[in-house]
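# Observations on the model geometry
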Amino acid sequence: CFLACLALDLDKSEGLCEGGQCTAEVDEEAIRSHYADLGQDQVFKFADKLSADERLTFFQQLQKINVPSVVGDLKAAQSVKPKVSSDAQPLSHQTKLATAGAEATEKWRQKGLEAIAAGSVGFIVLAGGQGTRLGTKDPKGMFDIGLPSHKSLFQLFAERLLKLQSLASGKFAGSSIIPFYIMCSPHTCEKTKNFFAENKYFGLSADNVVFFSQGTLPCFDFDGKLLLESSGRVATAPNGNGGFYKALEDSGVLADLSSRGVRYLHLSSVDNALARVADPVFVGHCIET
């Protein structure tokens, strides 16, 4: 996947403040009335048992949630019916390396390496998930996938970037820096940052490893009612890989990419252990086409 650009504000991850305005002080009665009008007053079931500080935190969270918007999104998702088409056809234009020929492949490789040397290419990994299905609560990128080296997924990506930077610098003049952007989640960001710091960023410069968080959304039951995580907190969950685009908008990464002069971004999921990160042949082909 290649994009033209890139953008973190954890306070906005549950963000949904109407008009983007959230204040420290809250009007409890107004919030209660608003939620009651929307049929969501079940969230106050335990509110009267909270301490003053817990109540403030709870009502601040409620103030941030744009309930009509998220309920509307939920209903829209529930109303979608899968469409099965028998008219599906292959893309009209496709390039296969097996038939492209050595000359074309080498031309794309050189074009990709030149872009990398110029500092125009970045790499992003979607790493918000925990390794629950792998038997660990750590971020998936920290997982030892059973290689003889016992290298984690994060280490594999970092070392491939280092090698690619070396290859580009040996061919063309320029910075040959590939910024490494890691989209984590509120549940995994701290551990991910600590893991990189403890491992000295696997040889990469810390200035070129950028972490940003995907957003979260409130959790609902099948009847569209907000669920509580505890007596004083609405349950939330990461909004999935689809939240990538909003995370770019809400974070400072877009400005960071612009300031670095990055024009091309290679995107990969964290569990793609075989990903050819910022593959110069792919980069060059995308630039040309």
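Everything below is about the structure printed above this text.
Below, the structure is looked at part by part. (Residues numbered from 1 in each chain as written. Predicted model: local features only at pLDDT ≥ 70, side-chain atom pairs only at ≥ 80, totals over all residues. Heavy atoms only, no water.)

## What to know about the state of the cysteines
Note the following rule: Note that a disulfide, as used here, is simply two cysteine sulfur atoms within 2.5 Å. Three labels apply to residues, based on accessible area from a 1.4 Å probe with only protein chains included: buried if under 20% of the type maximum, exposed if over 50%, partly exposed otherwise in between.
Counted according to the given criterion, the structure contains 1 disulfide. Each sulfur of the disulfide joining C184 and C189 lies 2.0 Å from the other. Judged by the sign of its S-S torsion, about 85°, the cystine formed by C184 and C189 is right-handed. Judged by relative accessible area, C189 falls into the buried class, the value being 9%.

## What to know about the side chain of S185
The condition that has to hold: Think of it this way: any DSSP run of H or I at least four residues long counts as a helix, any run of E at least two long counts as a strand, and we number them from the N terminus. Residue contacts are counted whenever heavy atoms from the two residues lie within 4.5 Å of one another.
As for its position among the elements, S185 is in the loop between β3 (180-184) and α7 (189-198). A residue is classified by how much of its surface remains accessible, and S185, at 1% relative accessible area, is buried. Excluding anything up to four places from it in sequence, S185 contacts G128, S213, Q214 and P238.

## Here's the deal with the packing of helix α1 (residues 28-37) against helix α2 (residues 52-64)
Here is the rule: An axis is simply a line fitted to the C-alpha atoms; with a helix, the fit covers only the stretch in contact. Between two such axes, the angle follows the N-to-C directions and lies from 0 to 180 degrees. Angles are sorted into four bins: roughly parallel if under 35 degrees, roughly antiparallel if over 145, roughly perpendicular if 65 to 115, and oblique for all others. Working rule for handedness: look at the near helix, and if it is turned counterclockwise from the far one by less than a right angle, call the crossing left-handed; if clockwise, right-handed. Throughout, the ten residues Ala, Val, Leu, Ile, Met, Phe, Trp, Tyr, Cys and Pro are labelled nonpolar, Asp, Glu, Lys and Arg are labelled charged, and all others, Gly among them, are labelled polar.
Following both chains from N to C, one finds α1 and α2 inclined at 50°, their axes separated by 10 Å at the closest point. Judged by the inter-axis angle, α1 sits oblique to α2. Crossing of α1 against α2: the hand is left-handed. Facing E28, I31, R32 and Y35 of α1, the residues of α2 in contact are R55, F59, L62 and Q63. Classifying every residue of the contact of α1 with α2 gives 4 nonpolar, 1 polar and 3 charged.

So far we have only geometry, and geometry alone does not tell us how the molecule works.
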